[in-house]
Amino acid sequence: MFFLKEETKVISLHPSYFGPSVREYLINRLNEEEEGRCTGDHFVICVMDMVDIGEGRVIPGSGAAEYTIKYRAIIWKPFRGETVDAIVTSVKPTGIFTLAGPLSVFIARKNIPSDIKWEPNTVPPQYTDHADQVIEKGTSLRLKILGVKPDVAAINAIGTIKEDYLGPL
Amino acid sequence: MFLRLPASLHYPITVTSLLKQPGDPVQRDEALFWYVYQTIVTEGDGLGNKVEVKRSFPTKFESTVDGEIVRWNVTKGDVIDEPVDVVEIDEPCAHEVQFGGLCAECGKDMTEATYNTEVMDSMRAPIKMVHDNTTLTVSEREATRVEEDAKRRLLASRKLSLVVDLDQTIIHATVDPTVGEWMEDKDNPNHQYLNDVRAFQLVDDGPGMRGCWYYIKLRPGLQQFLENVAKIYELHIYTMGTRAYAQSIANIVDPDRTLFGDRILSRDESGSLTAKNLQRLFPVDTKMVVIIDDRGDVWRWNPNLIKVSPYDFFVGIGDINSSFLPKKQELENPNKPIAAKAAAAAAATDNTPPEHHVNGTTIKPELGGISALEQLVTMGGGDNPRLLQEQATAQEETIMHQVEDRPLLQKQKELDAEDEAADRPDSSQSVDESQDLSRQHRHHLLEDNDRELYLLQERLQQVHRNFYEEYDRKRSRSLGGRVAALRGEKTQVKEKDVDLKLVPDVKDVMPQIKRQVLGGVVMVFSGVLPLGTDMQNADISLWAKSFGAVLAPKITSRTTHLVAGRNRTAKVREATRYLKIKIVTTQWLVDSLTQWKRLDETPYLLPVHPDDRGEPISPDSKEAAESAWLSTTDDETKEFWTEDEGEGMSESTNEIFKSTGLTEVSPIGYDADQQAAVHEELKEFLGSDDESESETEAPGSEQQQPPVTPSKKRKRGDTDEEGDEEDQDQDQDIVEEKDQLSTVPTGGEGGEKTSDAHASAGGGSRLAQRIRRSYERSTSLKEVATASSSSPGRTTTTITTPSSAMDVTDTPTPDDGDGGGGGDDEERPDPGAASVTYPEDEDDELEREMLAALEDGDYDEMAEGKIAAENG
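Residues numbered from 1 in each chain as written. Chains lettered and ligands numbered in written order. Predicted model: local features only at pLDDT ≥ 70, side-chain atom pairs only at ≥ 80, totals over all residues. Heavy atoms only, no water.

J.: It is not clear to me how the overall build of chain A should be interpreted in this structure. Could you clarify?
T.: Helix and strand content of chain A: one helix and 13 strands. The secondary structure elements of chain A, listed N-terminal to C-terminal, are β-α-β-β-β-β-β-β-β-β-β-β-β-β. Split into buried and exposed, the 169 residues of chain A put 43% on the buried side. Once local pairs closer than 6 in sequence are excluded, the contacts in chain A between residues at least 24 apart make up 59%. Summed over its atoms, the accessible surface of chain A is roughly 8,900 Å², and 52% of this surface lies on carbon and sulfur atoms. (Helix = DSSP H or I, 4+ residues; strand = E, 2+ residues; numbered from the N terminus. Buried < 20%, exposed > 50% of the residue type's maximum accessible area, 1.4 Å probe, protein only. Contact = heavy atoms within 4.5 Å. Areas by Shrake-Rupley, 256 points an atom, 1.4 Å probe, with all protein chains shown as cover.)

J.: What's the story with the overall build of chain B in this structure? I'm lost.
T.: Counting its regular elements, chain B contains 30 helices and 26 strands. For chain B, the residues scored as buried account for 52% of the 872 residues in total. Within chain B, residue pairs in contact and separated by at least 24 positions form 73% of the contacts whose partners lie at least 6 positions apart. For chain B, the accessible surface area stands at approximately 39,000 Å², while carbon and sulfur atoms represent 52% of it.

J.: Could you clarify how one ought to interpret the interface of chain A and chain B in this entry?
T.: Interface size is often expressed as the accessible area that is lost when the parts come together. Of the residues lining the interface, 22 residues belong to chain A; the matching set on chain B comes to 24 residues. For the pair chain A and chain B, the two sides together bury roughly 1,900 Å², of which 62% comes from carbon and sulfur. Seen at the junction of chain A and chain B, the total is five salt bridges. Taken together, the connections running from chain A to chain B amount to five residue pairs in polar contact (both at pLDDT 80 or more). (Buried area = accessible area lost by both parts, 1.4 Å probe. Salt bridge = Lys/Arg side-chain N within 4 Å of Asp/Glu carboxyl O. Polar contact = N/O pair within 3.5 Å; in protein donor to acceptor, adjacent residues only side chain to side chain.)

J.: How should the sheet that holds strand 17 (residues 233–238) of chain B be read in this particular structure?
T.: Whenever strands of a sheet pair, they do so through backbone hydrogen bonds, lying parallel or antiparallel. Residues and elements named next belong to chain B. The strand order across the open sheet built from five strands is 18-17-13-19-20, with neighbouring strands paired in parallel fashion. For this open sheet the edge positions go to strand 18 (264–265) and strand 20 (305–307), each flanked by a neighbour on one side alone. For strand 19 (residues 289–293) and strand 20, the ladder comprises three bridges, and the chain directions are parallel. When the sheet's bridge partners are listed, D293 is paired in strand 20 with K307. Seen against the sheet, helix 3 (residues 222–232) touches strand 13 (160–164), strand 17 and strand 19 and runs at an angle of roughly 120° to strand 17. (Pairing = 2+ DSSP bridges. Axes fitted to C-alpha atoms, helices over the stretch in contact; angles between N-to-C directions.)

J.: I would appreciate a short explanation of the sheet that holds strand 15 (residues 198–202) of chain B in the present structure.
T.: All names here are of chain B. If you trace the three strands from one edge of the open sheet to the other, you get 14-16-15, paired in antiparallel fashion. Edge strands, defined here as strands with exactly one partner in the open sheet, are strand 14 (171–174) and strand 15. Averaged over all pairs of adjacent strands, the angle between strand axes in this sheet comes to 30°, irrespective of strand direction. Pairing geometry for strand 14 and strand 16 (residues 212–218), over four bridges, is antiparallel. Residue pairing for strand 16: T174 is matched across the bridge by Y215. Here helix 4 (residues 243–253) sits on the sheet in contact with strand 14, strand 15 and strand 16, set at roughly 150° to strand 15.

J.: Help me out: how do you make sense of unusual backbone geometry in this one?
T.: With glycine set apart, most residues show a phi of negative sign, and most peptide bonds adopt trans. All names here are of chain B. Residue P12 is reached from Y11 by a cis peptide bond, and omega for that bond is 0°. Even without a glycine there, the phi angle at D29 is positive, about 70°. A positive phi angle, near 50°, is found at R300, a position not held by glycine. Inspection of the secondary structure puts R300 in the loop between strand 19 and strand 20. Here R300 falls in the exposed class, since its relative accessible area comes to 55%.

J.: Hey, could you run me through the pattern of salt bridges in this one?
T.: If charged atoms from side chains of opposite charge come close, those side chains can pair. What the rule picks out here adds up to 36 salt bridges over all chains. A salt bridge links D121 of chain B to R124 of chain B; the nearest nitrogen and oxygen atoms lie 3.5 Å apart. By relative accessible area, D121 of chain B is classed as buried at 11%. A salt bridge links E234 of chain B to R153 of chain B, with the nearest nitrogen and oxygen atoms 3.0 Å apart. Here E234 of chain B is found in strand 17, whereas its partner R153 of chain B is found in helix 1 (residues 140–156), with 81 residues between them in sequence. Like R153 of chain B, E234 of chain B is buried. Salt bridges sharing common partners tie together K9, R29, E33, E34 and R37 of chain A.

This is the structure we're talking about:
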């Protein structure tokens with residue numbers, strides 16, 4: 001699910017950047033460092049705006065300045081039970097690896113409808129029900145997240161397509 | 001599943017009541033039954049006294065899994081003495097497939113641990129099964145299921161699995177930017193060989209080498225090879241390169257992914273940086289797997305392995321991804337185009353005595369000496385993170401060095417320099433013209449004449465054929481039996497299982513083929529491996545043994561082949577006495593191993609120097625028996641002392657006992673001449689760690705020095721440049737070898753040399769005088785030989801000449817037991833023919849060292865002068 005979240009970040013700046021364009025520099029730094037980051041709990045999708053760029057404080061002893069920036073960002077936190085669209089990255093006899101944006105989701109063989117079977121002899125290998133449903137590398141899938149596990153700088157998730165309206169798009 | 005009691009309970013325990021009945025659902029950590037246990041506790045009695053009393057405590061046992069009770073194995077009142085299965089619980093999900101710490105089927109967190117956790121749920125699925133992902137793990141059962149499916153599929157399409165290594169097996173990669181320049185430069189002599197070299201850039205391949213360009217040369221015939229082999233094998237890539245590297249290579253060799261698909265395993269997923277493990281890809285069984293790799297050691301000589309000869313297109317680059325691997329035991333490949341060409345060129349221009357160049361092979365004892373210990377250390381250190389870090393840095397450095405140092409450019413420069421040097425003397429043209437000329441026929445460094453893949457394809461086809469022949473045979477036999485027994489459709493259901501049981505094992509099929517190749521060959525190595533190498537476990541030995549050859553430490557009547565790394569060793573001499581022993585070069589062995597054929601030995605026969613021909617002994621004579629069983633002859637004794645190529649210690653002691661015992665009592669073949677030799681040998685042995693060696697080699701080398709150097713120079717002048725390069729190579733090697741040696745012998749040698757100088761100058765230290773006196777006393781015969789070999793008639797020289805010249809003087813009276821000792825040297829008819837007598841390998845080391853010192857004129861003089869100054 002997506003949220004608009006207010007966060008703060010402390011950026012320390014080398015004295016060589018002090019000057020009239022310090023504001024732009026801070027904004028660039030913030031965008032670079034935050035956008036696309038995974039905290040382990042959520043993904044930062046986009047920094048929307050700066051609520052407040054605080055006054056810089058020079059750190060005694062180093063000369064660098066610290067800016068505390070309050071900003072709003074769109075974040076995405078995947079939840080169990082959420083339905084997302086994903087792209088297949090590889091298919092294996094044990095299941096399907098997909099990417100839903102930044103989130104890697106694995107669909108185990110048990111969570112694939114039983115009529116969609118593993119077909120290793122095609123190139124590339126695929127899951128197919130020998131009708132209109134073919135899942136191979138690059139296919140778009142709609143899946144439901146069964147479980148989410150935060151890691152240090154990544155999130156792993158388990159998905160299923162064994163429900164109505166799920167499966168290849 | 002059955003719930004087993006943990007070992008940590010206070011046994012015996014008594015079950016007092018069962019809380020759940022069959023059919024009841026249970027949650028994790030929910031109580032299943034009450035029990036009572038007894039233990040001794042310390043109690044206070046209220047008066048300050050402490051008493052130990054035995055008490056019973058009631059406790060409940062809690063479930064460690066979710067599910068539904070199926071059946072109790074215990075009833076109320078049971079006394080349990082040891083861990084047993086108490087209850088069967090039907091789990092809704094056995095968590096057999098896990099992804100990043102989650103059960104991939106039910107989505108539960110597998111890393112949760114509570115007070116009640118005996119074994120983490122994540123341990124239920126320990127096997128990494130997927131090539132390109134390490135977060136997915138499966139249980140053994142699931143792995144078996146998947147693998148069986150795969151096997152059935154392979155059997156149905158009559159294929160096998162083939163694990164393919166990349167570096168130096170099917171491609172050769174370098175980061176040397178010189179390659180890019182040569183590809184641009186149409187005038188470069190190497191240009192035409194680089195036509196099909198592909199390049200790619202890896203942007204994020206670790207820090208320090210961002211955007212490094214990789215140049216990839218496909219092994220000749222690769223495309224054809226892969227296409228043909230893919231028809232009968234399912235191909236997998238297993239490389240020690242990074243993921244990105246492997247992907248890029250796959251893009252080159254298999255752009256539409258029809259051959260490899262995404263069956264690519266790189267070191268990022270391998271789990272070990274020092275060894276390759278077939279279980280990583282085929283966790284359950286490897287019956288249908290064949291491996292091709294240029295390194296046997298990383299697979300620990302897995303029986304599924306077909307070792308291929310390494311592809312070395314970019315000369316001197318090696319494997320760019322091998323920093324993590326244990327060092328390679330480099331057996332010098334004499335088939336290298338440069339060496340072969342050099343040999344041919346040298347033979348043409350220099351009218352070298354033919355015995356040095358056999359079949360384009362230079363007889364050059366050159367081996368990268370890597371001790372087994374060092375290997376073990378590298379192998380064992382695989383898990384140490386600090387070591388890994390170091391190795392990662394080392395790898396980075398290798399890459400950086402290659403980018404900066406441009407080894408190829410250096411080599412080509414050398415080659416060009418040789419060219420020019422060769423041109424100059426015989427062309428009286430102006431400098432400009434001669435440069436133009438030399439540019440026209442500048443020699444190219446790179447050669448593209450590798451044929452390995454064609455041979456490899458045949459071998460793979462052969463293995464495949466044999467495998468399926470065996471399978472068909474088994475299958476038809478069992479089908480017939482079953483049809484008779486059962487009849488009807490029932491068999492159809494079972495057929496699948498039966499199929500799998502009938503699958504023959506590549507581990508049986510392949511060795512069968514291989515063992516026929518060198519079956520019945522009993523070989524002895526001489527001058528093949530460096531001293532101190534564990535002969536039975538060296539790469540070449542293991543390789544040969546996998547082909548059925550038997551490796552013996554010494555020559556007996558059973559020996560069929562003597563594989564000689566160089567000519568004129570004591571073993572060669574001995575082998576000549578047995579008519580049936582074929583004395584062949586190392587190349588014979590290597591070629592036979594790579595071609596899976598017992599090649600005809602004739603082109604590989606080592607030309608034996610006439611002097612070395614011992615008196616033939618017929619296999620059934622008394623002497624043969626003696627030499628085989630009792631080793632009484634001097635030859636044997638001598639060999640025992642000198643050629644210690646891996647004889648076991650216990651065997652040695654035994655030998656000593658035998659030989660000493662017999663020399664005292666037995667009169668056979670033990671005349672005065674030989675007695676002197678034995679004494680000398682003994683003396684040499686006893687005094688080997690002080691100055692004793694100088695007595696044999698010192699004055700000779702002093703006398704030899706003048707003739708050697710000019711002859712060498714003369715050769716430089718008129719040889720083809722490649723001969724010279726060869727020379728330089730060798731020199732370099734010698735220097736390297738010298739570096740490898742500990743400083744002690746080097747220093748000792750220097751000292752000796754100094755003393756020689758003094759001795760010959762008439763002055764000198766007391767030590768030197770003593771040495772000289774002992775020399776005169778013990779090897780007066782030598783001087784005759786020295787005189788003859790340093791006579792002016794000596795015009796033709798070869799690469800090995802300096803060492804041979806020294807040999808003459810260094811040799812401590814080599815006697816063949818029956819052919820009169822030093823007489824050998826005396827009667828040598830052709831002094832120019834490299835009279836290489838390698839009496840012992842230790843001497844060889846020293847010789848090479850000294851040779852290096854001689855070559856390096858400046859250094860030598862300086863060093864000598866310095867030492868002389870020190871000695872006064």
